[in-house]
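Chains, contacts and geometry: an overview
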Amino acid sequence: MKDIAIYIHIPFCISKCYYCDFTSFPNMKDKLDEYIDYLLKELTLYKERIIDFNIKTIFIGGGTPSYIPGEHIYKILNYIYKNFNTSKLEEITIEANPGTLNKEKVSIYSSLGINRVSMGVQTLDNSLLKAIGRCHKVEDFYNSYYLLRKKDIKNINVDLMFGLPNQNLKDVINSLKEAINLGVEHISYYSLILEEGTLINKWYEEGSITLPSEDEERKMYHEAIEFLKSNGYNHYEISNFAKEGYECLHNLFYWKVKPYLGVGLSSHSNLAGKRFWNSSSFNIYYEKLKEGEFPVEGEEQIFKEIEMGEYCILGLRLIEGINKNEFRNRFNIDIENIYKDVINKHIKNGLIYENKGFIKLTNKGLDLSNLVEVDFLP
Ligand SMILES: C[S@@+](CC[C@H](N)C(=O)[O-])C[C@H]1O[C@@H](n2cnc3c(N)ncnc32)[C@H](O)[C@@H]1O
Ligand code: SF4
């Protein structure tokens, strides 16, 4: 039986952060029950299609899954336990915002086998949190963190962001230092992306906020890498760091282009040679499910050349790089037979190098990975 990862999207938040363009909506508490009912309908439709898979990981993401009552999380996971093959399940993650957790919720999570909590912390500076529209304070993070530890959650990730308005290197290192001192197992470290339609993007275009220069932003990245490495965190993906044995198994499914099924508004799947994605509109999502149809908005066939390109692009995001043997075993052809010119071009310009059967980004390549990636597109 093949392994699969399941993603469940919870599109609700307390408020909208100024930088965020994920499918997430504030002030919709009255929609919760209905949404969960439809999620279960969608899962029911997939019963036949994933009967032959072992579920290895589940990721409940959002939005803010920790915002909704624990009983809803219970309903979802209980349904999965009852109807799918979960005997090989290793990792269940839930995303949580500091301040939305309480004893009751965390007890429910533990009793359901949730063994990883990913907290959106962003920064440990109250004025920066306010500047990016976060609805919590640094103190809320500490309270939530200790609560999770008390309830025996042994695998905690924190998301931190850099390149924020008026943020400097000292702020960034300070947030990392505090996370390290607490002993978190995993750190996701994201550079701010200016997304169209967000308030931060609007303010930036109007000139009412300033962002760190590109040089400063790159310094925040490279100094963080050194700092985290010297504190025992393995840099295993462009934006991700983990203590040994705590790499995120779920995200490794994406990066290794293994099968995954996403359910819920706007979620994406990669299953049986096809990539498909759900509608982001509640109405369309509900209407299709009411008719007993998959709430899919679009799909594409993953032809071999697309899959090979994707495998290389995502493989390069991993710091270990593309495993040449794995490529040969998967596609029955040597990587050089397909990408010799691309590989030589980027070795020559210093963006990638080969070492012990792996092709990986150089330090310079970490900053310019998009230049390499485009050349692997079919
Ligand atoms: C889908 S969000 C969900 C986590 C949770 N809702 C929270 O924010 O606390 C996952 C992470 O993506 C990152 N993120 C969201 N928007 C971003 C942006 N525009 N640029 C960079 N990182 C972003 C944040 O670090 C966030 O914690
Ligand atoms: S809490 Fe998370 S998902 Fe919600 S708006 Fe903020 S960053 Fe986006």
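Procedures and definitions
Numbering of residues starts from 1 in each chain and follows the order in which that chain's sequence is written. Whichever chain is written first is A, and whichever ligand is written first is 1; the rest continue in order. A pLDDT threshold of at least 70 governs which residues receive local features in this predicted model, and a stricter bar of 80 or more applies before side-chain atom pairs are shown or counted, although totals over entire chains, interfaces and linings include all residues. Values reported for side chains reflect all heavy atoms of the structure, with hydrogen atoms and water molecules removed beforehand. Annotation comment: domain bounds sourced from an automatic or database domain assignment. Here, residues are in contact when the closest pair of their heavy atoms is within 4.5 Å. Throughout, buried area stands for the accessible area (probe radius 1.4 Å) lost by two parts on being put together, summed over both. A pair is scored as a salt bridge if a Lys or Arg side-chain nitrogen falls within 4 Å of a carboxyl oxygen belonging to Asp or Glu. For this description, a residue counts as near a given molecule or strand if any of its non-hydrogen atoms is within 4 Å of it. Any pair of nitrogen or oxygen atoms within 3.5 Å is treated as a polar contact; in protein, a donor-acceptor pairing is required on top of that, and neighbouring residues in sequence qualify only through side-chain atoms on both sides. All accessible-area figures derive from a Shrake-Rupley calculation using a 1.4 Å probe, and residue coverage is judged against the displayed protein chains alone. Think of it as three bins: nonpolar holds Ala, Val, Leu, Ile, Met, Phe, Trp, Tyr, Cys and Pro, charged holds Asp, Glu, Lys and Arg, and polar takes everything else, Gly as well. The helix count covers DSSP runs of H or I at least four residues long, the strand count covers runs of E at least two residues long, and both are numbered beginning at the N terminus. Working definition: with a 1.4 Å probe on protein chains only, accessible area under 20% of the residue-type maximum means buried, over 50% means exposed, and in between means partly exposed. Should DSSP find at least two bridges between two strands, the strands are taken to pair. Two rings belonging to Phe, Tyr or Trp (six-membered ring only in the last case) form a pair when the distance between their centres is within 6.5 Å. Interplanar angles under 30 degrees mark stacking, angles over 60 mark edge-to-face geometry, and anything in between is tilted. In our convention, an over-ring charge means Lys NZ or Arg CZ found within 6 Å of a ring centre and within 35 degrees of that ring's normal.

Splitting the protein chain by domain gives domain 1 (2–254) and domain 2 (304–376). Computed over C-alpha atoms only, the centres of domain 1 and domain 2 are separated by 28 Å. If you look at the interface, domain 1 gives 11 residues, while domain 2 gives 9 residues. At the boundary of domain 1 with domain 2, total buried surface from both sides reaches about 850 Å², with 57% on carbon and sulfur atoms. On the domain 1 side of the contact with domain 2, His222, Glu237 and Ile238 bury the most area, a combined 50% of that side's loss. There are 2 salt bridges connecting domain 1 and domain 2. Close ionic contact of Arg317 with Glu237 constitutes a salt bridge, the shortest N to O distance being 2.6 Å.

Neighbouring ligand 1 are 17 residues; Gly63, Asn97, Gln122, Arg134 and Asp159 lie closest to it. One of the backbone nitrogen or oxygen atoms of Gly120 is found 3.5 Å away from an oxygen atom of ligand 1. Within the backbone of Ile193, a nitrogen or oxygen atom sits 2.9 Å from a nitrogen atom of ligand 1. Protein chains shield 92% of the accessible area of ligand 1, which is 550 Å² for the free molecule. By residue class, the composition of the shell around ligand 1 is 6 nonpolar, 7 polar and 4 charged.

Before going further, it helps to spend a moment on the side chain of Asn240. With respect to the helices, strands and loops of the structure, Asn240 is situated in strand β10 (residues 240–242). Overall, Asn240 belongs to the buried group, its relative accessible area being 2%. A polar side-chain atom of Asn240 sits 2.6 Å from a polar atom in the side chain of Ser188. Contact partners of Asn240, with chain neighbours within four places excluded, come to His186, Ile187, Ser188, Asn234, His235 and Trp255.

The next point concerns the pairing of strand β9 (residues 234–237). As paired strands, β9 and β10 are joined by 3 bridges and run antiparallel to one another. In the strand pairing of β10, His235 is matched with Phe241. In this structure, the hairpin formed by β9 and β10 is closed by a connection of 2 residues.

Now for the pairing of strand β6 (residues 116–122). Burial runs high along β6: 7 of the 7 residues are buried. Side chains Arg116, Ser118, Gly120 and Gln122 of β6 all project onto a buried face; the interleaved residues Val117, Met119 and Val121 project onto the opposite face, where all are buried too. Across 4 bridges, strand β5 (residues 91–96) lies against β6 in parallel orientation. Bridge pairing links Ala96 to Met119 in β6. As defined by bridge partners, β6 adjoins strand β7 (residues 156–162) across 5 bridges and the pair is classed as parallel. By the bridge assignment, Gly120 is partnered in β7 with Asp159.

Following the criterion strictly, the structure yields 26 aromatic pairs and no others. Where Tyr38 meets Tyr286, the ring centres are 4.2 Å apart and the plane angle is 15°; that geometry is what we call stacked. Of this pair, Tyr38 sits in helix α1 (residues 32–46) while Tyr286 is found in helix α10 (residues 282–290), placing the two residues 248 residues apart along the sequence. By relative accessible area, which is 9% here, Tyr38 ends up buried. Within the aromatic cluster, the residues linked to one another by ring pairs are Phe12, Phe25, Tyr35, Tyr38, Phe282, Tyr285 and Tyr286. The cationic tip of Lys31 hangs over the ring face of Phe282; the distance from NZ or CZ to the ring centre is 4.9 Å. Positioned above the aromatic ring of Tyr38, the side-chain terminus of Lys41 is 5.4 Å from the ring centre.

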